[in-house]
Structures are given as structure tokens and as C-alpha cells.
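If you want the building blocks of each chain, they are given just below.
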Amino acid sequence: SQPEAAIKTLEELCSRRNDWQPLITAYEKRAETQRDSQRRISALRARLEHQLLDLPGVRINGNTKHRLYNTANICFSGVKSTDLIPKINHRICVSSGSACTSSLAHPSHVLKAMGLSDEDSYSSIRFSLGKHNTEEEIDETIALIKKALS
């Protein structure tokens, strides 16, 4: 019968659990490593944001709790991103929009949907961090932006 066959299959799988244990252990280790990496990158993003928020006219676009751990979208009110980016992108890579729309001449439809004005949309820069970024690079980014805005 079907229930007996299902029980037999389950018993066979359980008896072979030891065959899968190295793979399960490797998966658990990879998941732990990824969580650690995400926490570290999130801390770098927070460092960047907190330092920049001390500058006048700077604010974070979007929800600060429910978002990607590695991305910050920051508005520099009154400063066009097209003026700021060339002053800093010789050392860091940033964008005025998502990867698929950063070269377009109109404001980000995502930022507009979030309630930003055209002016604030044009004053926003996206920062994306990765596993290879360091605290020193974040500090250098902060210094570059402060210098560019002064």
C-alpha cells in the first residue's frame, strides 16, 4: 500500500542519514559564514550612513530596517548626484540609480514611488557594499564625500 511504501522510503532515508551528514555539515557551515559576512557588511553600511548623516542635508532614502544588508541609498539634498559622483568615483564606485537605469536621464522610478521629489531623486546616490570592503575603505569614502561637499 502507499502508506507502507512511504514509511519504508522514509526509513531508508533515515538509515542513510550518515551518508548525507558531511553535506549537511558543510551546508550549515556555509550558512553560518554567510550570516557572519552579512552582519559585517551591514555594520560597514551603518558606519557609512551614520557618518554621512552628520552632514547637513543628508538623509537615507527608504526604510532603515527592512532592506538589503549591503545597500545604502543616500540623498544629498541640494547637490546633484551628477556633480558629486565625478568628484568621488576615481576612488569608489557609486551610482545615481539601479544598475539597469543609472545611465538614464530621468529620476529613478523607485525613488519617485517612495515619495522623493525629482530634485531629491537627482540628489541621491546608491552605495553597494560587498564581502571585500573594509572599514578603511568606508572611512576613505566618508572623507572623499566630505571633501567633495566642502
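What you see is a predicted model, and the numbers here were worked out from it, not measured in a lab.

Asks: Would you mind going over the overall build of the chain with me for this structure?
Replies: Within the chain, the regular secondary structure consists of 6 helices and 3 strands. Each helix (α) and strand (β) of the chain, taken in turn from the N terminus, gives the series α-α-β-β-α-α-α-β-α. The buried share of the chain, reckoned over its 150 residues, is 29%. A total of about 10,200 Å² of accessible surface is found on the chain, and carbon and sulfur atoms cover 55% of it.

Asks: Help me understand the sheet that holds strand β3 (residues 124–128) in this model?
Replies: One key point about sheets: their strands pair by backbone hydrogen bonds, in either a parallel or an antiparallel sense. The strand order β1-β2-β3 describes an open sheet built from 3 strands, whose pairing is antiparallel. Looking along the sheet, the strands with just one partner apiece sit at the ends: β1 (58–60) and β3. Within this sheet the neighbouring strands show an average axis-to-axis angle of 30°, counted without direction. In the sheet, β1 pairs with strand β2 (residues 71–76) via 3 bridges, with the strands oriented antiparallel. What sits directly across from I60, in β2, is I74.

Asks: I'm lost on the packing of helix α3 (residues 81–88) against helix α6 (residues 135–149) in this one. Help?
Replies: Each pair of packed helices gets described by two things: the angle between the helix axes and the distance between those axes. The N-to-C vectors of α3 and α6 enclose an angle of 125°; their axes lie 9 Å apart at closest approach. In this view, α3 runs oblique relative to α6, as classed from their interaxial angle. As α3 runs across α6, the sense of the crossing is right-handed. Only L144, I145, A148 and L149 of α6 make contact with α3, whose side of the interface consists of L84, K87 and I88. Split into classes, the residues belonging to the contact of α3 with α6 amount to 6 nonpolar, no polar and 1 charged.

Asks: I'm lost on the confidence of the model for the chain in this one. Help?
Replies: Should the pLDDT be low somewhere, the predicted coordinates at that spot are not to be read in detail. For the chain, per-residue confidence averages 85 on the pLDDT scale, and 83% of positions sit at 70 or higher. The lowest-confidence element of the chain is helix α1 (residues 2–15), averaging 68 in pLDDT; the highest-confidence one is β1, averaging 96.

Asks: What am I meant to see in α3 here?
Replies: Given 3.6 residues per turn, any residue in an α-helix points the same way as the ones three and four places further on. Every buried residue belonging to α3 is among S81, L84, I85 and I88, and all of these are buried. Along α3, the residues classed as buried sweep out an arc of 100° about the axis, all on the same side. In this structure, the buried side of α3 is in contact with β2, α5 (118–122), β3 and α6.

Asks: What exactly am I supposed to notice about the nonpolar core here?
Replies: One broad trend across soluble globular proteins is that nonpolar side chains are buried collectively. By size, the foremost hydrophobic cluster in this structure holds 22 residues, and its most contacted members are L52, F76 and F127. Broken down by secondary-structure element, the contributors of at least two residues to this core are α2 (17–52), β2, α3, β3 and α6. By residue number, the principal contributor to this core is α6, which donates 5 residues.

Asks: Explain the pairing of β2 here, please?
Replies: Across a regular strand the side chains alternate sides, sitting on one face of the sheet and then on the other. Of all 6 residues in β2, 6 are buried, a share of seventy percent or more. Burial of the side chains of β2 extends over both faces: T71, N73 and C75 are buried on one face and A72, I74 and F76 on the other. When β2 meets β3, the two strands line up antiparallel, connected through 5 bridges. Bridge pairing links N73 to R126 in β3.

Asks: What exactly am I supposed to notice about the environment of D139 here?
Replies: Position of D139 relative to the elements: it lies in helix α6. On the accessibility criterion, D139 (34% relative accessible area) is partly exposed. The sequence separation of D139 and Q51 amounts to 88 residues, and the corresponding C-alpha distance is 8.9 Å.

Procedures and definitions
- Residues numbered from 1 in each chain as written.
- Predicted model: local features only at pLDDT ≥ 70, side-chain atom pairs only at ≥ 80, totals over all residues.
- Heavy atoms only, no water.
- Helix = DSSP H or I, 4+ residues; strand = E, 2+ residues; numbered from the N terminus.
- Buried < 20%, exposed > 50% of the residue type's maximum accessible area, 1.4 Å probe, protein only.
- Areas by Shrake-Rupley, 256 points an atom, 1.4 Å probe, with all protein chains shown as cover.
- Pairing = 2+ DSSP bridges.
- Axes fitted to C-alpha atoms, helices over the stretch in contact; angles between N-to-C directions.
- Parallel < 35°, antiparallel > 145°, perpendicular 65-115°, else oblique.
- Left-handed = near helix turned anticlockwise from the far one by under 90°.
- Contact = heavy atoms within 4.5 Å.
- Nonpolar A, V, L, I, M, F, W, Y, C, P; charged D, E, K, R; others polar.
- pLDDT = per-residue confidence, 0-100.
- Arc of directions from axis to C-beta.
- Core = buried A, V, L, I, M, F, W, Y, C linked by side-chain atoms within 4.5 Å.

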